[in-house]
Amino acid sequence: MAGIIDLILSIIFYPPIYQLVLVGLTGSLVVVIFIIWFERKATARVQRRLGPYHIAPRLAGLPQLVADLIRYAFQEVIIPRTADRELFVLAPIVATVLSILPIAVVPLTSNPAYWPIPMDYSILVALALTTVSPIFLIVAGWASNNKFSIIGGVREAFVITAYEMIAIMSILSASAAVLTFNLVEIVEAQRIWYILLNPIAFLAAFLSVLMATSGFPFEIPESENEVVAGPFTEYSGLLYGLNMGAAYMKRFAFSILMVLVFLGGWSPYTPGEGILSGYLIPSLIVVAKAAILMMIFSLTRSIYGRFRLDQALEGAWRLVFPMAVLGFGLALLEAYLGVM
Amino acid sequence: MPARPVVKRLPARRGLFAGFKGNVDAITIGLKYLVDPKRITLIYPNEYIKLDPGYRGFIVLEPKKCINCSSCARICPAAAMRMIRRMEEDPKTGKKKMKLWPVINYQRCIFCGYCVDVCPTEALYTVPYHDIVYENMAEMDWGLETFVKPPEYPTAKEGIPVKYIVDEEKGLVKVRAEEGEEE
Ligand code: SF4
Ligand code: SF4
């Protein structure tokens, strides 16, 4: 009996399965549901409204999102006759899967027994994986064969060119400061959280993640009153839900990466031996920190309006990109002085 | 004459950090409301707005005052008010006589209140509510029996009456209607 339980546990906590399925898929679904609820509720508070309420006033309308999810799941999926069928169906699915893929390669503990991949170049692998999924948004827009979706896709392409460099530079600045590409070493090196040592890089990373996941004020590819729903205009039902969820899941993946790089990962906890203290608790700490970070991301929705495309691009290249370069310079300086 | 083209210039570029203060202000206000929301949503069936007397809601007829003059039906812009004929006994002579009475059809009424204004004897009056649901269209066409008494107002039985007032500092605020105290 004990042998069977051990076997099941070792399967569940086999790092690739645990991180991809439990943290990546289930965890991000739960976090995303909570975050969308929080986003709606917080926006409502700031705008003096109530937000979701009537479905369960005691829980402040939390089941509303579950209801929405069920509705999406059972809606008819309409594929337009003019659309490119295979790509139209595949693009959102691939985009969703790819957007949680970075979670499968980051360490959620310092215990080497529970690393999904060898950690030596993990920050590079994770960053590389974050850059794959946006292509499929453009594919989705292209395959829909609708002017709004194509415009949305082209906008997405513009935004990608603006944020990708910033995201990579600002997150890599940590590895410049610690002189390693090993995410575990980066986490372990943070006696002081890296956000305090290099707030400029953090701010640049924050803004670039907002752009990457089309959060306000950069909700440009999907801006409702200009291009209907951007690349997702023709989508309905579960595919639309996937498209919308993909942005949030991507934000979750980026948040986990940012927690590891800037917010000390699993600190203040020191992972020990065994599944519980070596894997489960540190990973839960990381996920909780990522959820808090996502709550901060969500707040921008209630505070900012939407930038025009040119404003966003100009801001990204003239303001945020120099900021990222500055952050990188600061990291080099810190490495030279040996702060970390 | 064709319109003359006007050369417009973009305003001069402001400095790199000109927007900084604006951003900080916006975030501060956002956080302030997040911590202390001053919600003004009306939770409708549980709360309802108590309207002042004189509000143009449903219209009721006082048959004692009515002189059967048809002015209300004539002025009605939506043709909601119409006159019906009734054989009635004259109380003095005891003779049967044809009389005209106004009835109202709420499928058409736009609640403009012209009929109330035009009535020479003030036989029509408005009640300060208009949110009543009917099960079918036929029920909305009132006969004379329904028209002579104020309609039932189910919302008031369950809901809390509230009012919106403009506060000097807080802007719009929702208060309980009867006590006039803040929620
Ligand atoms: S309120 Fe206006 S529309 Fe309604 S019955 Fe009177 S005159 Fe006609
Ligand atoms: S205008 Fe007044 S008095 Fe004349 S018919 Fe209408 S309700 Fe009666």
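What you are looking at is a predicted structure, and each value in this text was computed from that prediction instead of being measured.

## Quick notes on the site of ligand 1
The environment of ligand 1 is made up of 13 residues, and the closest members are Cys76, Cys109, Cys112, Gly113 and Cys115 of chain B. Considered class by class, the residues forming the shell around ligand 1 number 12 nonpolar, 1 polar and no charged.

## Notes on the pattern of salt bridges
A side chain of one charge can pair with a side chain of the opposite charge when the charged atoms of the two come close. All names here are of chain B. This model, assessed by the stated rule, comprises 13 salt bridges over all chains. Between Asp36 and Lys38 there is a salt bridge, with its nearest N and O atoms 3.7 Å apart. Taking relative accessible area as the criterion, Asp36 reaches 42% and is therefore assigned partly exposed. Close ionic contact of Asp52 with Lys163 constitutes a salt bridge, the shortest N to O distance being 3.4 Å. In this pair, Asp52 is assigned in the loop between β1 (47–49) and β2 (59–61) and Lys163 in strand β6 (residues 160–167), connecting sequence segments 111 residues apart. When its relative accessible area of 45% is taken as the criterion, Asp52 is described as partly exposed.

## Points about the pairing of strand β3 (residues 81–89) of chain B
Across 9 bridges, the pairing between β3 of chain B and strand β4 (residues 96–104) of chain B is antiparallel. Counterpart to Glu89 of chain B in the pairing with β4 of chain B is Lys96 of chain B.

## Remarks on the site of ligand 2
Around ligand 2, 14 residues are found, and the nearest of them are Cys66, Cys69, Ser70, Cys72 and Cys119 of chain B. Class assignment for the residues of the shell around ligand 2 results in 10 nonpolar, 4 polar and no charged.

## Topic: the interface of chain B and chain A
Facing 19 residues of chain B, the contacting portion of chain A comprises 14 residues. Taking both sides of the interface into account, the surface hidden between chain B and chain A amounts to around 1,700 Å²; carbon and sulfur atoms contribute 59%. In this structure, the connection of chain B to chain A is made through 0 salt bridges. Linking chain B to chain A there are 7 residue pairs in polar contact (both at pLDDT 80 or more). Broken down by element, the residue count for the side of chain B that touches chain A peaks at 8 residues, all from helix α1 (residues 20–35) of chain B. Among the residues forming the side of chain B that touches chain A, the class breakdown is 11 nonpolar, 4 polar and 4 charged.

## Concerning the layout of surface pockets
Sizing a probe to match a water molecule and rolling it over the atoms shows the empty space that remains. Residue and element names in this part refer to chain A. Its volume calculated, the second largest pocket comes out at about 1,000 Å³. Lining the second largest pocket are 37 residues; nearest its centre among them are Ile36, Tyr72, Met244, Gly245 and Tyr248. Elements with a minimum of two residues in the lining of the second largest pocket: α2 (15–46), α3 (63–74), α4 (85–100) and α12 (237–262). Take the lining of the second largest pocket: its biggest share by element is 10 residues, from α12.

## Re the confidence of the model for chain A
Per-chain confidence: chain A averages 84 in pLDDT, with 100% of residues scoring 70 or above. Within chain A, helix α10 (residues 199–212) of chain A carries the highest mean pLDDT (88), whereas helix α11 (residues 224–227) of chain A carries the lowest (79).

## A look at the packing of helix α5 (residues 122–130) of chain A against helix α7 (residues 147–178) of chain A
All names here are of chain A. Direction vectors running N to C along α5 and α7 enclose 170°, while the axes themselves pass 11 Å from each other. The pairing of α5 with α7 is recorded here as roughly antiparallel in orientation. Listed contacts from α7 to Ile123, Leu124 and Leu127 of α5 are Ile168, Ile171, Leu172 and Ser175. For the contact of α5 with α7, a count of residues per class yields 6 nonpolar, 1 polar and no charged.

## Quick word on the nonpolar core
Grouped together as the largest cluster of nonpolar side chains are 75 residues, with contacts concentrated most on Ile171, Ile256, Met258 and Phe262 of chain A. At 13 residues, α7 of chain A tops the list of elements feeding residues into this core. Other than its neighbours up to four places away in sequence, Met258 of chain A contacts Ile171, Phe202, Ala205, Phe206, Val209, Leu263, Leu293 and Phe297 of chain A. Judged by nonpolar contacts, the second largest core, of 30 residues, contains Cys66, Ala78, Cys109 and Cys119 of chain B.

## Here we look at unusual backbone geometry
Residues apart from glycine generally show negative phi values, whereas peptide bonds are mostly found in trans. Even without a glycine there, the phi angle at Leu179 of chain A is positive, about 60°. With respect to the helices and strands, the residue Leu179 of chain A is situated in the loop between α7 and α8 (183–189). Leu179 of chain A sits in the exposed class, given a relative accessible area of 67%. Although it is not a glycine, Phe111 of chain B adopts a positive phi angle of roughly 55°. Of note, Phe111 of chain B is situated in the loop between β4 and α3 (114–118).

## Some thoughts on the packing of α2 of chain A against α12 of chain A
Residues and elements named next belong to chain A. Relative to each other, α2 and α12 sit at 105°, their axes nearing to 9 Å. Classified by the interaxial angle, the pair formed by α2 and α12 is roughly perpendicular. Contacts between α2 and α12 involve Val23, Ser28, Leu29, Val31, Val32, Ile35, Ile36 and Glu39 from the first element and Tyr248, Met249, Arg251, Phe252 and Ile256 from the second. A class-by-class count of the residues in the contact of α2 with α12 yields 10 nonpolar, 1 polar and 2 charged.

## Focus on empty space enclosed by the protein
Residue and element names in this part refer to chain A. Applying the stated criterion to the full structure yields 4 cavities of 30 Å³ or more. There is about 120 Å³ of room inside the largest cavity. Around the largest cavity, the lining is made up of 15 residues, and of these Leu137, Ala212, Ala246, Ala247 and Lys250 lie nearest the centre. Secondary-structure elements contributing two or more residues to the lining of the largest cavity are α4, α6 (134–144) and α12. In terms of residue count, α12 provides more of the lining of the largest cavity than any other element does, 4 residues in total. The residue makeup of the lining of the largest cavity, split by class, is 7 nonpolar, 5 polar and 3 charged.

Thresholds applied
- Residues numbered from 1 in each chain as written.
- Chains lettered and ligands numbered in written order.
- Predicted model: local features only at pLDDT ≥ 70, side-chain atom pairs only at ≥ 80, totals over all residues.
- Heavy atoms only, no water.
- Near = heavy atom within 4 Å.
- Nonpolar A, V, L, I, M, F, W, Y, C, P; charged D, E, K, R; others polar.
- Salt bridge = Lys/Arg side-chain N within 4 Å of Asp/Glu carboxyl O.
- Buried < 20%, exposed > 50% of the residue type's maximum accessible area, 1.4 Å probe, protein only.
- Helix = DSSP H or I, 4+ residues; strand = E, 2+ residues; numbered from the N terminus.
- Pairing = 2+ DSSP bridges.
- Contact = heavy atoms within 4.5 Å.
- Buried area = accessible area lost by both parts, 1.4 Å probe.
- Polar contact = N/O pair within 3.5 Å; in protein donor to acceptor, adjacent residues only side chain to side chain.
- 1 Å grid on protein atoms, 1.4 Å probe; cavity = no way out; pocket = protein on both sides within 12 Å on 5 of 7 lines; lining within 4 Å.
- Points joined across faces, edges and corners; volume = space filled by probe spheres on them.
- pLDDT = per-residue confidence, 0-100.
- Axes fitted to C-alpha atoms, helices over the stretch in contact; angles between N-to-C directions.
- Parallel < 35°, antiparallel > 145°, perpendicular 65-115°, else oblique.
- Core = buried A, V, L, I, M, F, W, Y, C linked by side-chain atoms within 4.5 Å.

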